[in-house]
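Listed below, chain by chain, are the residues.
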Amino acid sequence: MARPLISSTDLRARAKARLPRFAFDYIDGGAGEEDALARSRRAYRETCLRPRVLVNSAEPADLSHRFLNRDWALPFGIAPLGLPGLAWPGADLAMARAAEAAGAPFVTATPGTATLEIVRAAAPTRSAFQLYVGAATEITDDLVARAERAGYDTLIVTADVPRAGKRLRDLRNGFGLPLRITPRLAMDLALHPRWSLATWRAGAPHLINFAAYADDGAGAQTLAQLMARQSSGRLDWGVLARIRDRWSGALVLKGVLDPEDAARAVGAGVDAIQVSNHGGRQLDGAPATLDALRAIREALPADVPLAVDGGVRSGEDILKALEAGADFVFLGRPFLYAVAAEGAAGPAALFDMLAAELEAAMAQTGRRSIAGIRRGATD
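First, a word on scope: everything that follows refers to the structure included in this document. Bear in mind that the values here come from a model prediction, so they are computed numbers and not experimental data. (Residues numbered from 1 in each chain as written. Predicted model: local features only at pLDDT ≥ 70, side-chain atom pairs only at ≥ 80, totals over all residues. Heavy atoms only, no water.)

A short note on the pattern of salt bridges
- Following the criterion strictly, the structure yields 17 salt bridges and no others.
- Measuring nitrogen to oxygen at the nearest pair gives 3.2 Å for the salt bridge that ties Arg41 to Asp317. Here Arg41, found in helix 3 (residues 35-45), pairs with Asp317, found in helix 14 (residues 315-323); they are 276 residues apart in sequence, far enough to count as distant.
- Given the relative accessible area of 17%, Arg41 is considered buried.
- Looking at Asp317, the relative accessible area reads 4%, which means it is buried.
- With its nearest N and O atoms 2.8 Å apart, the salt bridge here joins Arg146 to Glu117. Of the two residues, Arg146 is situated in helix 6 (residues 137-150) and Glu117 in helix 5 (residues 116-122); the sequence distance between them amounts to 29 residues. (Salt bridge = Lys/Arg side-chain N within 4 Å of Asp/Glu carboxyl O. Helix = DSSP H or I, 4+ residues; strand = E, 2+ residues; numbered from the N terminus. Buried < 20%, exposed > 50% of the residue type's maximum accessible area, 1.4 Å probe, protein only.)

Below, the structure written as C-alpha cells:
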C-alpha cells in the first residue's frame, strides 16, 4: 500500500517515481546550476515565524482575502505553468477545476496544453491569462483579443524572458518538442508505463494555443517554434504602455525583482506587481523572491498590491510571504507534482493541504485573518 501523501515533499517524490526522467526534470529543474531555485527555497527555510500565545483560536482563522477587487476564499492560487500536460494528460483542466472549486485563482499560461478558451470554460470565475509578448506583434495582439473574448478579466504580462534560460537538465536529456525517440528515451518510457500509456491515449502534449497561428495540421515542432519566438526581447516600457491602453481589465506585471522597475511599473499604470524569478528557470544569479519581495514592499506605497511566486512549498511558506508584504501568493511546481502524483484529484487535495497548513500556522502565530497579517494584528 502506498504511503499517504502528507506534504508537497511527498508529492514531489511520488511525481519523480511516476514520471519519465525528461518530464520530471523539465518540471523540477531550473536554469544553470539551479542556484536561484535553491536560493528561493533557502530564503523560506531560514525565515522564522513569531509564535504568539493566549490568542483564542477555537474557531478557524478566516482565510478569505480580497485581491485586485476580487474576493477569494484563499490568499493563494496557481501560477502560470508551461507545458503542464507533461505532468499528466489534462493537467491544465484538473488544476483549473480545482482552483474554481477552492475559490482561488488559476493563471492560464500562454504555453499551456489546453486552449485558453477551454481553460476559461473550466474555471469561469477563477482564471487569469498570462501573456508572453513575442516577436510577432499580430500573435501577441490576437492572444490578448482571445483572452478578452473568452472573458478573462486579468492579464498577467511576463516580463523576464528576453532570452530563454539555459536549463542544463533539459539540455542533458535532449528534451525538445516533438520528442525524439532515442534508445535512452525508449527505455525511460518503458520504465514508466502508466504515464506512457496515458500520454499515448491522450496524445503527446503540445503548445495548443499556437495552433491558430500555424497551418492546419501543424505538428508539435512548428508550435514549439512559434512559442520560442514568444520569448523575445521586444517587450519594453513602450510595449507595456500599448498593452495598458488596449487592456481594460486588471493588468499585472510578472517577473519583477528590482524596486526601481516596480516603481516604474506602477507609474505606467499596472494594477499589481508579481515578484518572481520565474521559478529559478531564467537567470541563475537571480535573488530569492522572498528577499526581493521585502525590498519592493519597502520601496512602494502600502496600497500597491504585490503578488509573489517562487520557492513556496507549504502553508507556513505562504504565511511567511504574507508577513513579508505579499498581498497574494502563487505556487507552481507543487501543483504539477500533485497532478503527476495523484492525477486529476491531486490539485484539489493540495489546496486542502495548503489551507490546513496555513490555518494551523496562523493559529500558532496568533493570526485570525489574512487582512490582519499586514496590520500585525493577533486578534
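Digging into the packing of aromatic side chains
- Inspection of every chain in the model, using the stated rule, returns eleven aromatic pairs.
- Seen from their ring centres, Tyr26 and Phe175 are 5.2 Å apart, and the 40 degrees between their planes marks the pair as tilted. Of the two residues, Tyr26 sits in helix 2 (residues 21-28) while Phe175 sits in the loop between helix 7 (168-173) and helix 8 (183-190), which places them 149 residues apart along the sequence.
- On the basis of relative accessibility, which here comes to 15%, the residue Tyr26 falls in the buried class.
- For Phe175, a relative accessible area of 18% corresponds to the buried category.
- Plain terms: the ring middles of Phe335 and Phe351 are 4.8 Å apart, the flat faces sit at 50 degrees to each other, and that makes the pair tilted. Residue Phe335 is located in helix 15 (residues 333-342), and its partner Phe351 is located in helix 16 (residues 346-364); the two are separated by 16 residues in the primary sequence. In this structure, Phe335 and Phe351 share a single accessibility class: buried. (Phe/Tyr/Trp six-rings, centres within 6.5 Å; stacked < 30°, edge-to-face > 60°.)

Section: helix 16
- A rise of 1.5 Å per residue sets the reference length of helix 16, with its 19 residues, at 27 Å; its end C-alpha atoms lie 27 Å apart and thus fit the reference within 8%.
- Buried residues of helix 16: Gly346, Pro347, Leu350, Phe351, Met353, Leu354, Ala355, Leu358, Glu359, Ala361 and Met362, and no others.
- One or two residues past the end of helix 16 sits Gly366, with phi positive at roughly 75 degrees. (Expected span 1.5 Å × (residues − 1).)

Side note on the environment of Glu117
- Judged by relative accessible area, Glu117 falls into the partly exposed class, the value being 32%.
- For the pair Glu117 and Pro301, spaced 184 residues apart in the sequence, the C-alpha separation amounts to 36 Å.
- The contacts of Glu117, once residues within four sequence positions are left out, are Arg146 and Ala150. (Contact = heavy atoms within 4.5 Å.)

What about the packing of helix 14 against helix 16?
- One can describe the packing of helix 14 onto helix 16 by two numbers: an axis separation of 7 Å at closest approach and a directional angle of 60 degrees. Between helix 14 and helix 16, the angle falls in the class oblique. Crossing angle aside, the handedness with which helix 14 passes helix 16 is right-handed. Residues Gly315, Glu316, Ile318 and Leu319 of helix 14 touch helix 16, and the partners they reach there are Leu354, Glu357, Leu358, Ala361 and Met362. (Axes fitted to C-alpha atoms, helices over the stretch in contact; angles between N-to-C directions. Parallel < 35°, antiparallel > 145°, perpendicular 65-115°, else oblique. Left-handed = near helix turned anticlockwise from the far one by under 90°.)

Here's the deal with the pairing of strand 5 (residues 127-131)
- Across the five residues of strand 5, five count as buried, placing the element largely inside the fold.
- Bridging between strand 4 (residues 106-109) and strand 5 involves four bridges; their strand directions are parallel. For Phe106, the partnering residue across the bridge sits in strand 5 and is Ser127.
- Tracing the backbone out of strand 4, into helix 5 and back to the parallel element strand 5 gives a crossover that is right-handed.
- Bridge count between strand 5 and strand 6 (residues 154-158): three bridges; the pairing is parallel. Paired with Gln130 across the two strands is Ile156, which belongs to strand 6.
- The parallel pair strand 5 and strand 6 is bridged by helix 6, and the resulting crossover is right-handed. (Pairing = 2+ DSSP bridges. Right-handed = clockwise from strand over helix to strand, strands pointing away.)

That's the geometry; what it means functionally is another story.
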